[in-house]
Amino acid sequence: MERNDAKIKAWLAQRELDCLYRKTRQVIGKQQVNLTIDGQQVLSFCSNDYLGLASHSKVIKALQEGAEKYGVGSGASHLVTGHHYEHEELERELAEFTGREAALLFSSGYMANIGVVTAMMGRSDSVFQDRLNHASLLDASGLSGSKMIRYPHNNMASLTKKLAMSATKNTMIVTDAVFSMDGDKANIIELVKLAHDYKAWILLDDAHGFGVLGDHGAGLLEEKGLSQQDVPLYMATLGKAIGVSGAFVAGSQLHIEYLRQQARPWIYTTASSPALATAIRQSLKMVRSDDWRREKLSDLIFQFRRDTASLGLNLLDSTTPIQAVIVGSNNKAIEISQGLLKEGILVTAIRPPTVPKGTARLRITLSALHSEEDIVRLVAALDKYL
Ligand SMILES: Cc1ncc(COP(=O)(O)O)c(C=O)c1O
């Protein structure tokens, strides 16, 4: 954008006209399904706190105790004096949980994706991306300087053709495990086969699967029984089902050591607070032990899909807590979202460029803390406004 305030104002005004203006809302109190936002009490279906751990008393207590013992700030980057015993233990536990040799903590999923792709891929390389991949993966390709080749969503025939036509030696297939705006899963078994056949890396971004999928919550890896050999680079976030913040990459000792030397978003940033690592370790314990949270979630997903089946919604096929209703136009999506808010129900309208043009939608996310009655309320409100 040119340094010209009149042009910036005109651009902002156009965004507003196109119903694409992004605004923050202010939450007061704890992150929970009954939320106070912009002064209104709402029943929220917007958070990625799928297991309801973000405000769990044990996680809060762990954070408090961590801060008491270790202070608040880490004080420096991991390679200076910021790497704490709590970070080390958490990395060890994450590696063990995901069945990998090692893990590396990042301050966010966005940084982890940038870190991995820019470390592994360069100008003469190619990165193959599902068309619906998360923005952080697309940005990571751009920053790496490699050639980005996008294939239609989950279209394995197209990807096979593109891989076969590629003359690049170093290639990487990158995919969301659970697509963040659609809720469906990657065809990971087929992707693993293709990566094997074409000697490509696989980077699996399990931001929305970790904690939720698999019998014990170890994500799509656990659900599909994928080894370190199958998926050498596994990324998951700690701010969604885990309820805190941050992310990690897990893989072989060799690959993680390489990232430690090369991943700039890990090297050149202050390590996250050790107290956060203490909180994540507590949350991880509950992810592993509280099977009831995943069971409850899956019951709620079933109930939601069963009860909306007769409403004629354009509901995407999804067995995950992300349930998307395609509306089409931006203003229609906003109108419906505002209608739901009048009923005290918060569902955000997701518009381009987050999703492809013409596919504005309501992105409904379910949490283990929702009740059956909450779903009944949601379905009735959808019936009224859609
Ligand atoms: C698929 C996916 N990858 C990565 C991210 C980024 O993670 P974080 O919020 O920890 O930066 C998100 C969401 O924010 C996501 O949905």
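Our subject is the structure listed above.
Given the structure is predicted, the values throughout are model-derived calculations rather than measurements.

**Q** When you look at the sheet that holds strand β14 (residues 360-365) in this model, what are you seeing that I'm missing?
**A** The 3 strands lie next to each other as β11-β14-β13, forming an open sheet whose pairing is antiparallel. Whereas interior strands pair on both sides, the edge strands pair on one side only; in this sheet they are β11 (322-328) and β13 (348-350). Each neighbouring strand pair of the sheet contributes to a mean axis angle of 35 degrees, computed without reference to strand direction. One ladder, built from 3 bridges, connects β13 with β14; its direction is antiparallel. Across the sheet, residue A349 finds its bridge partner in β14, namely L362. Across the sheet, helix α14 (residues 330-342) is in contact with β11, β13 and β14; its angle to β14 comes to roughly 35 degrees.

**Q** When you look at the pattern of salt bridges in this model, what are you seeing that I'm missing?
**A** Pairing of side chains with opposite charge becomes possible as their charged atoms draw close. Applying the stated rule across the entire model yields 18 salt bridges. Between E96 and R288 there is a salt bridge, and its shortest N-O distance comes to 3.1 Å. Taken together, the residues E96 in helix α4 (residues 85-98) and R288 in helix α12 (residues 274-289) connect sequence positions 192 residues apart. When salt bridges that share partners are traced, they join E86, E89, R92, E93 and R281 into one network.

**Q** Would you take a moment to explain the side chain of N133 for this structure?
**A** With respect to the helices and strands, the residue N133 is situated in the loop between β5 (126-130) and α6 (135-144). A distance of 2.9 Å separates polar atoms of two side chains, one belonging to N133 and the other to Q129. Dropping the residues within four chain positions of it, N133 is found in contact with L138, V174, T175, D176 and F179.

Quick notes on the rules
- Residues numbered from 1 in each chain as written.
- Predicted model: local features only at pLDDT ≥ 70, side-chain atom pairs only at ≥ 80, totals over all residues.
- Heavy atoms only, no water.
- Pairing = 2+ DSSP bridges.
- Helix = DSSP H or I, 4+ residues; strand = E, 2+ residues; numbered from the N terminus.
- Axes fitted to C-alpha atoms, helices over the stretch in contact; angles between N-to-C directions.
- Contact = heavy atoms within 4.5 Å.
- Salt bridge = Lys/Arg side-chain N within 4 Å of Asp/Glu carboxyl O.
- Polar contact = N/O pair within 3.5 Å; in protein donor to acceptor, adjacent residues only side chain to side chain.

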